[in-house]
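Inside the fold
Letter by letter, the chains look like this.
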Amino acid sequence: MAINYRKIKSQIRCEKHGKRTKFFFDPTPVQRFDDVIPIAAWSKKQLLDVIAFFTNNDVDWKGNKIETFSKHFKL
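The sections below set out a description of the structure shown in this document. (Residues numbered from 1 in each chain as written. Predicted model: local features only at pLDDT ≥ 70, side-chain atom pairs only at ≥ 80, totals over all residues. Heavy atoms only, no water.)

We now examine the pairing of strand E2 (residues 20-25). As paired strands, strand E1 (residues 12-17) and E2 are joined by 6 bridges and run antiparallel to one another. Along E2, the bridge assignment pairs Arg13 with Phe24. Where E1 folds back on E2, the antiparallel hairpin that results is connected by 2 residues, among which Gly18 adopts a positive phi of roughly 70 degrees. When E2 meets strand E3 (residues 39-41), the two strands line up antiparallel, connected through 3 bridges. (Pairing = 2+ DSSP bridges. Helix = DSSP H or I, 4+ residues; strand = E, 2+ residues; numbered from the N terminus.)

Here is the structure:
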């Protein structure tokens, strides 16, 4: 199954911090209820790589099996 990057990109926002820009992934209220976590990174590519890792591997930071990202972002 493929990742729906269009849906992910629509939930990314950026903020200026001095001369640098920081990118944030904001889950919707339904996704927050399903334990999808907000993520921040200094580049959009890093942010998409982290979300793709969570979506493909279905694990959290500690390596526990979860299926929240794949449920919301796989086609």
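Tracing the sequence through the fold places Ser43 in the loop between E3 and helix H3 (44-57). Expressed as a C-alpha distance, the spacing of Ser43 and Cys14, which sit 29 residues apart in the sequence, is 9.4 Å. Within polar-contact distance, the side chain of Ser43 engages the backbone nitrogen of Gln46 at 3.1 Å. (Polar contact = N/O pair within 3.5 Å; in protein donor to acceptor, adjacent residues only side chain to side chain.)

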